[in-house]
Amino acid sequence: MDKSSMDSPGSKSAKRPCISPSSPDTAPKTSIGNQIFCNRPLYMKSIKAVGFDMDYTLAQYKVDTFESLVYQQTVQNLVCKYNYPSELLSWVFDSDYMVRGLVIDKKEGNILKMDCYKYVKVAYHGFKELSKEEKLLIYGNTLVSTSYDQPEYALIDTLFSLAEAYLFAQLVEFKDKYPGKFLKPVDYACLYKDVRKAVDLCHRDGTLKQKVAEDPKRYINEDKSIVPMLKGLRESNRATFMVTNSLWDYTCVVMNFICGSSAVNDGTKFDWLQYFDVVITGSAKPNFFKEDNHANLFEVEPESGMLINTNDGSPLLQVGNIIARVSTKDKSSARKVFQGGNVVHLYPLLEIEASSQVLYVGDHIYGDILSSKKTLGWRTMLVIPELDREVQLLRKLKKNCENVRSLRSGCIALEDRLHCLNTNQKSNHDENLKHERDKMRLNYQTSLSELHKQFHPKWGQLMKAGYQNSRFAHQVERYACLYTSQVSNLGLSSQNQYYRPNEDSMQHEYAIMDKVDAN
Ligand SMILES: Nc1nc2c(ncn2[C@@H]2O[C@H](COP(=O)(O)O)[C@@H](O)[C@H]2O)c(=O)[nH]1
Ligand SMILES: [Mg+2]
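Residues numbered from 1 in each chain as written. Chains lettered and ligands numbered in written order. Predicted model: local features only at pLDDT ≥ 70, side-chain atom pairs only at ≥ 80, totals over all residues. Heavy atoms only, no water.

Student: Explain the UniProt feature "binding site: Mg(2+)" (unreviewed entry) in the protein chain to me, please; I cannot follow it from the model alone.
Tutor: Annotation from UniProt places "binding site: Mg(2+)" (unreviewed entry) at Asp53 and Asp363. Over a stretch of 311 residues, the named residues converge on one spot in the fold, their C-alpha atoms separated by at most 7.4 Å. Tracing the sequence through the fold places Asp53 in the loop between strand 4 (49–52) and helix 2 (63–82). Aside from chain neighbours lying at most four places away, what touches Asp53 is Leu58, Val243, Lys285, Tyr360, Val361, Gly362, Asp363 and Asp368. Here Asp363 lies in the loop between strand 15 (358–362) and helix 11 (365–376). Setting aside residues up to four positions removed in sequence, Asp363 forms contacts with Asp53, Asp55, Tyr56, Thr57, Arg100, Asp157, Thr158, Asp368, Leu382 and Val383. (UniProt positions renumbered as here; feature names shortened; annotations may be inferred. Helix = DSSP H or I, 4+ residues; strand = E, 2+ residues; numbered from the N terminus. Contact = heavy atoms within 4.5 Å.)

Student: Please clarify how empty space enclosed by the protein should be interpreted in this entry.
Tutor: A water-sized probe rolled over the atoms picks out the places where empty space is left. Counted according to the given criterion, the structure contains 2 cavities of 30 Å³ or more. For the largest cavity, the full set of lining residues is Val99, Arg100, Gly101, Leu102, Lys113, Met114, Gln461, Leu462, Ser470, Arg471 and Phe472. For the lining of the largest cavity, the secondary structure elements donating two or more residues are strand 6 (110–114) and helix 15 (471–479). Of the residues that constitute the lining of the largest cavity, the class distribution is 5 nonpolar, 3 polar and 3 charged. Approximately 40 Å³ is the volume found for the second largest cavity. Lining the second largest cavity we find Tyr82, Asn83, Tyr84, Pro85, Phe182, Leu183, Lys184 and Val186. (1 Å grid on protein atoms, 1.4 Å probe; cavity = no way out; pocket = protein on both sides within 12 Å on 5 of 7 lines; lining within 4 Å. Points joined across faces, edges and corners; volume = space filled by probe spheres on them. Nonpolar A, V, L, I, M, F, W, Y, C, P; charged D, E, K, R; others polar.)

Student: Is there a simple way to think about the site of ligand 1 in this case?
Tutor: In the vicinity of ligand 1 lie 13 residues, with Asp53, Arg196, Asp200, Thr244 and Ser246 positioned nearest. Met54 has a polar backbone atom sitting 3.2 Å from an oxygen atom of ligand 1. Within the contact set of ligand 1, an oxygen atom lies 2.9 Å away from a backbone nitrogen or oxygen of Asn245. Here the shell around ligand 1 takes 4 residues from helix 5 (residues 188–204), the largest share from any one element. Here the shell around ligand 1 is built from residues that sort into 2 nonpolar, 4 polar and 7 charged. Shared between two domains, the shell around ligand 1 takes at least three residues from each, and those domains are domain 1 (18–60 + 220–383) and domain 2 (63–214). (Near = heavy atom within 4 Å. Polar contact = N/O pair within 3.5 Å; in protein donor to acceptor, adjacent residues only side chain to side chain. Domains from an automatic or database assignment.)

Student: Would you take a moment to explain the coordination of the magnesium ion (ligand 2) for this structure?
Tutor: For a metal bound by four donors in tetrahedral geometry, the ideal donor-metal-donor angle is 109.5 degrees, whereas six donors in octahedral geometry ideally sit at 90 or 180 degrees. Here the magnesium ion (ligand 2) is held by Asp53 (OD), Asp55 (O) and Asp363 (OD), and the distances to it run 2.1 to 2.2 Å. Every donor residue of the magnesium ion (ligand 2) comes from the same chain, spaced as D-x1-D-x307-D. Taken together, the residues span a long stretch of sequence, with Asp55 in the loop between strand 4 and helix 2 and Asp363 in the loop between strand 15 and helix 11 at a distance of 308 residues. By relative accessible area, which is 8% here, Asp55 ends up buried. (Donors = N, O, S within 2.8 Å, 3.2 Å for Na, K, Ca; no water. Buried < 20%, exposed > 50% of the residue type's maximum accessible area, 1.4 Å probe, protein only.)

Student: When you look at the nonpolar core in this model, what are you seeing that I'm missing?
Tutor: One recurring pattern in soluble globular proteins: nonpolar side chains tend to sit buried together. Membership of the largest hydrophobic core comes to 89 residues, with the highest contact counts inside it found for Phe52, Met98, Leu171, Trp272 and Phe276. Sorting elements by how many residues they give to this core places helix 4 (residues 162–177) first, with 10 residues. Non-local contacts of Met98, meaning those with residues more than four positions away in its chain, are made with Ile111, Leu162, Ala165, Tyr166, Ala169 and Trp459. (Core = buried A, V, L, I, M, F, W, Y, C linked by side-chain atoms within 4.5 Å.)

Student: Would you mind going over the confidence of the model for the protein chain with me for this structure?
Tutor: Close reading of the predicted structure is inappropriate where its pLDDT is low. Here the protein chain averages 88 in pLDDT, while 85% of its residues score no lower than 70. Note that residues 1–15 has pLDDT below 50 and, in this model, 34 contacts with residues that lie over four places away or in other chains. Counting interchain partners and residues more than four positions distant, the pLDDT-below-50 stretch residues 21–25 has 8 contacts. Across the interfaces of the predicted complex, the ipTM metric reaches 0.99, alongside a pTM of 0.90. (pLDDT = per-residue confidence, 0-100.)

Right, here's the structure in full:
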């Protein structure tokens, strides 16, 4: 069993996240889909600076249109730049198929869903589900020591990866059916590498971003509550900042759209900057969070996008005949926008005394949340747009969940009785009991599988794998102090909210305290 999973404080549902507000009787009710869930106590009064990631955090992309665009551009790149068969051009993307938290096994051409102990619970080869036996043969079922990390595996940790995972599954199926269609001999790992390169290119070469800039409404959700949320934070005397991997030109387009500017593509409109003390673009997270990363910091001249060497916000001496600083027309945007650097540059710009005074809100469990929390001790909030639907469904299916849980308890009780009979006295009674156990086990397995299918026909409930927490849920519990479906939910509770989790529970307490989950 993976040791890191065992010693985690939140493992095996030891603790149930609490929802804000912390005093449900007195505070106004927030709908379940908009609530903020808390894994670790967080007192907003002690937070002096709130930072935001941009893409998929402040800017909530419409997965169907945006990831379809990524998919189409990637296919174009594969066919035109990497000589992939032209058949690919007629393929279509199903934006509902892949989900976050899955793992790609590059060598085998498989997509996996795991539980919190990294046991593979669901596996597909391309689009064909592996049987229990096939799964066991490749991944085993006991004490798996595989870490499922790079380079053999790729993690679908962000919604940005849904298109590439789907295209990889399509290519695996295509290669199995028509191996001769490729110009060069390819294995599954090679397919993955090419897809990755093609996706990377469309994010870098501007084609994707140009399309979004032309029609942001088509690709990004409008959320009028983001500006009031940012204003609220600033009125409560907190510093606000942004650290994004996007570059300045694109950041400006997206932020103008989110903040309701009518001139999204007007390179002279920077009103949205009033909501931030510091904006760091091209941050190269997660490396940005490493204090020993020596990336240069540049000040960005907003109008021209020109980069000026700096170290602490003031321009560095320029060598030769270069003019030290281009004048900034709008003084409110001066010395606020940067590119690159690292967290050491950020602290003096924000006047922060301790890393625990920072709350950072992001969507990427590794690049935003794990990195900033583990390396720096920042407090974290993970944005999971899928959570809205997940919690609504969970509430609707509460009775089904209870039924599955009681079937599991019944199965375990019968197993235990049988085990006692087997070891103590053998009797005819045995056979009847075995029959009863098999019937109940089948009933349990069918009910559990049907329950999962209501959440997603292939991958089931996002936060569960079988009856246990999924690998993704485990990471959320471990690294995100808070988690919620959208960033603007932060504006729904008090600026001095005390977020508190529910009490922790050990397994022995379930047995003694008559808790619902008791086996
Ligand atoms: N070069 C690549 N860029 C990528 C890829 N996937 C996403 N992205 C870009 O990163 C930023 C994310 O910004 P953040 O605000 O979430 O930090 C955005 O510009 C994406 O387009 C990739 O595979 N390669
Ligand atoms: Mg992001």
